[in-house]
Amino acid sequence: MKKSSTDAPVILFVDDEQRVLKSLQRIMTYEPFCVRTAVSAAEAMKILKTEHVDAVVSDEKMPEKTGSEFLSEVRALYPHVCRIMLTGQAELSSAVQAINEGRIFRFLLKPVKLEELVSAIAECLDEKFKSEQVFKLSQHTAGVCSLEMHVSSDGQTLFRWSANARFMFELGEDASLDNMDILYQRVHPDDLEKVRSLEKQCTEFSLCPENEYRIVLPGGRVHWISQINDGFRSADGRGYTVLAVLKDITESLKHRKLLHYQAYHDPLTGLGNRALFMDEVQKVLSKKGEAAVLFLDLDDFKLVNDSMGHGFGDWLLKSFAKRLKETIPDHVLPARLGGDEFALLVPGVCADEACGVANMIMDSLARPFRLDDYEIHVCASIGVSAVQGRNVSVNDLLREADTAMYSAKGLGECSIKIFDSSMHDKAADRFRLNSELHRALQRDEFFMEYQPVVDLKTLKPVGFEALVRWNHPERGIVMPDSFISVAEESGIIISLGMRVAELSCRQAGIWIEENPQNNFFMSFNVSVKQFHQAGFVEKLENIIHKAGITPDRLKVEITESGIMDDVELSMKIMNRMKELGVGLQIDDFGTGYSSLEYLQRIPAGNLKIDKSFVSGMNVDPDKFAIVRTIIDLARSVGMKTVAEGVEKVEELSLLRQLGCDYVQGYLFDRPLRSKAAAEVTDYRQFSRE
């Protein structure tokens, strides 16, 4: 429809009687409207198709079709046009029904007064204006525009765009809204055929699928449009209407791409994440292709985080990821699974060939990472698993590589290990053992045995070391070497350690009650995880109180490597224990740092010499020298020494000569049950040795 050349609203009067039209035209002469007339519905439709019309005022009683029928067609094809019906008393029911169904805005009874007619038209136009403004504002706010395509029974198609199309397509204010050219002139050349095909499907075949395509705005800016369509036939079944809503989705597409990237990439390193890695491995497996998976873990990364802070740790992870991408071939996919764990997909290779990629990574780690004045040397443990013609899942490959990586860690730093089935068996055993440990705690299957600690001067026991045992319902007595490492890995060592403390303190309380004259100490081992757990000292204090013993009866044993895991935290805990009155023994001394500087800071009373040095010291000069050095070192800082694992009288003799304070080992007694331990009085048979 062409816009009227005047700003006055265009009113189209429709009546089959010329005299009525002339009368209406005459009385409207001095009103602010541009009047057009038609003697039939057909003539009126031609005017509506070619000219701009704001309102239609139609008589209800006409020969070809009623005013209600005509105005219904107007509503379907030109819903923006105001519709008013003039009716006599006889057609009143039809007019009321037309209003109720929304086909007309108002009806007026004939004969109509000028004031009433002008008021009705003005009111209708005002409502139309407000409705259009709200519609325009809502579309502008939502970033959409709409298109109505009306297909008549004779195949003619009328188009009408909403006003916001001018804004979306950045057209001028006078741009026509009654054709498809406003869209076609903006559609990207590569998408034009697709858009034309969509219009054809809608108008010819009543098939209106959703679509996304590009438009090119002034300046060459490319935007994406999403078009959603719906269609319905007219009430008489002879016409068809398509309603389309177009939305600029450029920003949402950017956001969608960002979300997709974030969903499949690690935000810290920019590498793919677990989800991306699993998807890519699955693609390879779906094609029945060969591939290998590398599972990589940075050695001692926790030490970096704890000593340098998480910010430094994040920098190291990003630096490692950058070097990793620079090192590996382009066809290898790296991913960060979490923490300091990484995985790599090497397509088209067997396990042995994948080790070539693993060696590249190891070679790259020979160079330190540098930040300001810091120089960090990093190593990794790498596990390898390959498809090698097997029917395996993604989880299988990753789990196997993970298992192999842990096996590599057992070999020491910078190790590579290829998965084999025996590793799976061991992993399954450890998993089963972990479950059994949980049940054992619940069922109270743990008990203690006590090994005497003997004073070398008097050869009388001055204390006992409490050693945990597991009374397994199927395997019998299980020694700690078989389950402590699993308890450490799983974290159950904390609960187990507290149970050991409870049993040891309780037994000490029983012995004291039985013989108050006994002046011995009770010692037991504490893992570093338990030692560094928040509230450890408070929990220990509560256990001591419940057992009814004094804190000076206890000596807690912690390894020197455990202390060095976090020196500052260890010092705080040890000083708190000293304030409580609990003794401290450094276990396995000589196997770690063995530094006089740090030993002077530790508030410990005893230093335990590891049995690996004691055993054979009578025939190995190096071991003898180490034991002598440890004893001299302890004496220099005011500590007493306890030699573990004494099994031969020759070892006992040398320890006495070197001035060792206390000894324990199979030479005197194996660990004993509580009743047997209570009966030990002395070991004078070794007084001449």
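Preceding block: the structure.
Colleague: Quick question: what am I supposed to make of the sheet that holds strand β7 (residues 157-161) here?
Modeller: Paired through backbone hydrogen bonds, the strands of a sheet run either parallel or antiparallel to each other. Across the sheet, 5 strands lie side by side as β7-β6-β10-β9-β8; this open sheet has antiparallel pairing. Each edge of the open sheet carries a strand with a single partner, namely β7 and β8 (211-217). Put simply, the sheet's adjacent strands are angled 25° from each other on average, direction ignored. Along the sheet, helix α9 (residues 250-264) makes contact with β8, β9 (221-233) and β10 (240-248), crossing β9 at roughly 105°.

Colleague: What exactly am I supposed to notice about the packing of helix α2 (residues 41-50) against helix α3 (residues 67-77) here?
Modeller: When two helices pack together, their arrangement is given by the angle between the helix axes and by the axis-to-axis distance. Across the interface, α2 lies against α3 with an axial gap of 11 Å and an inter-helix angle of 20°. Judged by the inter-axis angle, α2 sits roughly parallel to α3. Helix-helix and strand crossings are classified by hand; for α2 and α3 the assignment is right-handed. Packed against α2, whose contacting residues are Ala41, Ala44, Met45 and Leu48, the element α3 presents Phe70, Glu73, Val74 and Leu77 at the interface.

Colleague: Looking at this structure, how should I read unusual backbone geometry?
Modeller: The general pattern is negative phi for most residues beyond glycine and trans for most peptide bonds. With phi around 55°, Glu170 is a residue other than glycine that occupies positive phi space. As for its position among the elements, Glu170 is in the loop between α6 (164-168) and α7 (181-184). Backbone geometry places Lys288, a non-glycine residue, at a positive phi of 60°. By the element assignment, Lys288 lies in the loop between α10 (274-286) and β11 (291-298).

Colleague: Would you explain helix α13 (residues 351-364) in this entry?
Modeller: The α-helix winds at 3.6 residues per turn, so residues separated by three or four positions along the chain end up facing the same way. End to end, α13 covers 20 Å across 14 residues, agreeing with the expected 20 Å (1.5 Å per residue, within 8%). Three or more residues of α13 are buried, namely Ala351, Ala354, Cys355, Val357, Ala358, Ile361, Met362 and Ser364. As for α13, its buried residues are in contact with β11, α12 (310-327), β13 (341-347), β16 (380-386) and β17 (416-418).

Colleague: What is the right way to read the packing of aromatic side chains from this model?
Modeller: Where two aromatic rings form a pair, the distance of their centres and the angle of their planes describe that pair. Applying the stated criterion across every chain yields a total of 13 aromatic pairs. Aromatic pair Phe312 and Trp315: ring centres 5.3 Å apart, planes at 50°, arrangement tilted. In this pair, Phe312 and Trp315 both sit in helix α12, 3 residues apart, roughly one turn of the helix. With respect to class, Phe312 is no different from Trp315; both count as buried. Among the aromatic residues, those joined into a cluster by ring pairs are Tyr450, Phe464, Trp511 and Phe520. Sitting over the face of the ring of Phe520, Arg553 holds its NZ or CZ atom 5.4 Å from the ring centroid. Taking NZ or CZ as reference, Lys555 lies 5.2 Å from the ring centre of Phe521, over its face.

Colleague: For this particular structure, what's the right way to read the state of the cysteines?
Modeller: Here is the idea: a disulfide is a covalent bond, and it sits between the sulfur atoms of two cysteines. Tallied over the full model, the rule gives 1 disulfide. A sulfur-sulfur separation of 1.2 Å characterises the disulfide bridge that pairs Cys379 with Cys414. Residue Cys379 is located in the loop between β15 (374-376) and β16, and its partner Cys414 is located in the loop between α14 (394-410) and β17; the two are separated by 35 residues in the primary sequence. Cys379 sits in the buried class, given a relative accessible area of 8%.

Colleague: Where do I start with the packing of helix α11 (residues 301-308) against α12 in this structure?
Modeller: Between α11 and α12, the shortest axis-to-axis distance is 6 Å and the interhelical angle comes to 140°. Taken together, the axes of α11 and α12 are oblique relative to one another. Here α11 contributes Phe301, Val304, Asn305 and Met308 to the contact with α12, which in turn contributes His310, Phe312, Gly313, Leu316 and Leu317. Residues of the contact of α11 with α12, tallied by class, amount to 6 nonpolar, 3 polar and no charged.

Colleague: Just to check I follow, could you spell out the side chain of Glu341 for this structure?
Modeller: Topologically, Glu341 is positioned in strand β13. Buried and unpaired, Glu341 has no salt bridge, with Arg274 as the nearest side chain of opposite charge at 4.9 Å. In this view, Glu341 contacts Phe295, Leu296, Asp297, Arg336 and Tyr406; residues no more than four positions away in its chain are not counted.

Colleague: Is there a simple way to think about the side chain of Thr641 in this case?
Modeller: Looking at the element boundaries, Thr641 is found in strand β25 (residues 640-643). For Thr641, a relative accessible area of 1% corresponds to the buried category. Once you skip the residues sitting within four places of it in the chain, Thr641 turns out to touch Leu607, Ile609, Ile630, Ile631, Ala634, Cys660, Asp661 and Tyr662.

Colleague: Would you explain the nonpolar core in this entry?
Modeller: Nonpolar side chains tend toward joint burial in soluble globular proteins. Counting 83 residues, the largest nonpolar core has Phe524, Ile602, Leu655, Val663 and Phe668 as its most contacted members. Counting residues per element, this core draws most heavily on helix α17 (residues 493-514), which supplies 10 residues. When residues no more than four places from it in sequence are discounted, the contact partners of Phe668 are Val454, Leu459, Val646, Leu652, Val663, Tyr683 and Phe686. With 35 residues, the next largest nonpolar core counts Phe342, Leu344, Val349 and Ala380 among its residues.

So, how was this worked out
- Residues numbered from 1 in each chain as written.
- Predicted model: local features only at pLDDT ≥ 70, side-chain atom pairs only at ≥ 80, totals over all residues.
- Heavy atoms only, no water.
- Pairing = 2+ DSSP bridges.
- Helix = DSSP H or I, 4+ residues; strand = E, 2+ residues; numbered from the N terminus.
- Axes fitted to C-alpha atoms, helices over the stretch in contact; angles between N-to-C directions.
- Contact = heavy atoms within 4.5 Å.
- Parallel < 35°, antiparallel > 145°, perpendicular 65-115°, else oblique.
- Left-handed = near helix turned anticlockwise from the far one by under 90°.
- Expected span 1.5 Å × (residues − 1).
- Buried < 20%, exposed > 50% of the residue type's maximum accessible area, 1.4 Å probe, protein only.
- Phe/Tyr/Trp six-rings, centres within 6.5 Å; stacked < 30°, edge-to-face > 60°.
- Lys NZ or Arg CZ within 6 Å of the ring centre and 35° of its normal.
- Disulfide = S-S within 2.5 Å.
- Nonpolar A, V, L, I, M, F, W, Y, C, P; charged D, E, K, R; others polar.
- Lys, Arg positive; Asp, Glu negative; His and termini not counted.
- Salt bridge = Lys/Arg side-chain N within 4 Å of Asp/Glu carboxyl O.
- Core = buried A, V, L, I, M, F, W, Y, C linked by side-chain atoms within 4.5 Å.

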